[in-house]
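Topology and contacts: notes
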Amino acid sequence: MEGVKYEDRTCCEIGSNVPSEMCPNEIDTSNEISIGIIVGSSIASLCVICCCGWVFYKKCYVSSSKSDDALYQIHVTKIATHNRIRCLEKDVETAENNALSYQNNKM
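The following refers to the structure shown. (Residues numbered from 1 in each chain as written. Predicted model: local features only at pLDDT ≥ 70, side-chain atom pairs only at ≥ 80, totals over all residues. Heavy atoms only, no water.)

1. Quick word on the overall build of the protein
Selection criterion: We count a stretch as a helix when DSSP gives it H or I for four or more residues in a row; a strand needs E for two or more, and each element gets its number in order from the N terminus. Buried, partly exposed and exposed residues are distinguished by accessible area as a fraction of the type maximum, computed with a 1.4 Å probe on protein chains only: under 20%, between the cut-offs, and over 50%, respectively. Using the Shrake-Rupley algorithm and a 1.4 Å probe, accessible areas are obtained, with residue cover drawn only from the displayed protein chains.
Along its length, the protein carries two helices and zero strands. Residues classed as buried in the protein amount to 4% of the 107 residues present. Counting only carbon and sulfur atoms, one obtains 61% of the accessible surface of the protein, whose full area is about 10,100 Å².

The structure is reproduced here in structure tokens:
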């Protein structure tokens, strides 16, 4: 028995190097295959869940921040437009006053 690997002796008759008749010719790997299928399916499912979460995050949070930016731009534009109108109204009043004072000085 010395010099023979344990794997080679596992299916032998006691005290012999010859495989017994009860020893199956092929090793049953169905358990290994089912574990591989379970592990592979779990990893694939985890990847799909992560991808769906990423898409949901991008759709909800990125689009809402874009709409918030758009609302802010509208607000800033509205304020700038009102300020510009006030400046133009002051310029009109100044121009009217200058025209009246010019006419008064001319007479």
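2. Things to note about a nonpolar patch on the surface
Basically, it comes down to this: For patch building, the residue pool is restricted to those with more than 30% relative accessible area and no salt bridge; the joining distance is 9 Å between like charges and 5 Å between nonpolar side chains (Val, Leu, Ile, Met, Phe, Trp, Tyr). Here a salt bridge means any side-chain nitrogen of Lys or Arg lying within 4 Å of a carboxyl oxygen belonging to Asp or Glu.
Together, I35, V39 and I43 give the surface a local cluster of nonpolar side chains, amounting to about 260 Å² of exposed area. Along the polypeptide, I43 turns up in helix α2 (residues 30-106).

3. Looking at the state of the cysteines
Our working definition: Note on terminology: pairs of cysteine sulfur atoms within 2.5 Å are recorded as disulfides.
For the structure on display, the rule yields zero disulfides. Distance from the sulfur of C50, which forms no disulfide, to the nearest cysteine sulfur (C47) is 6.6 Å.

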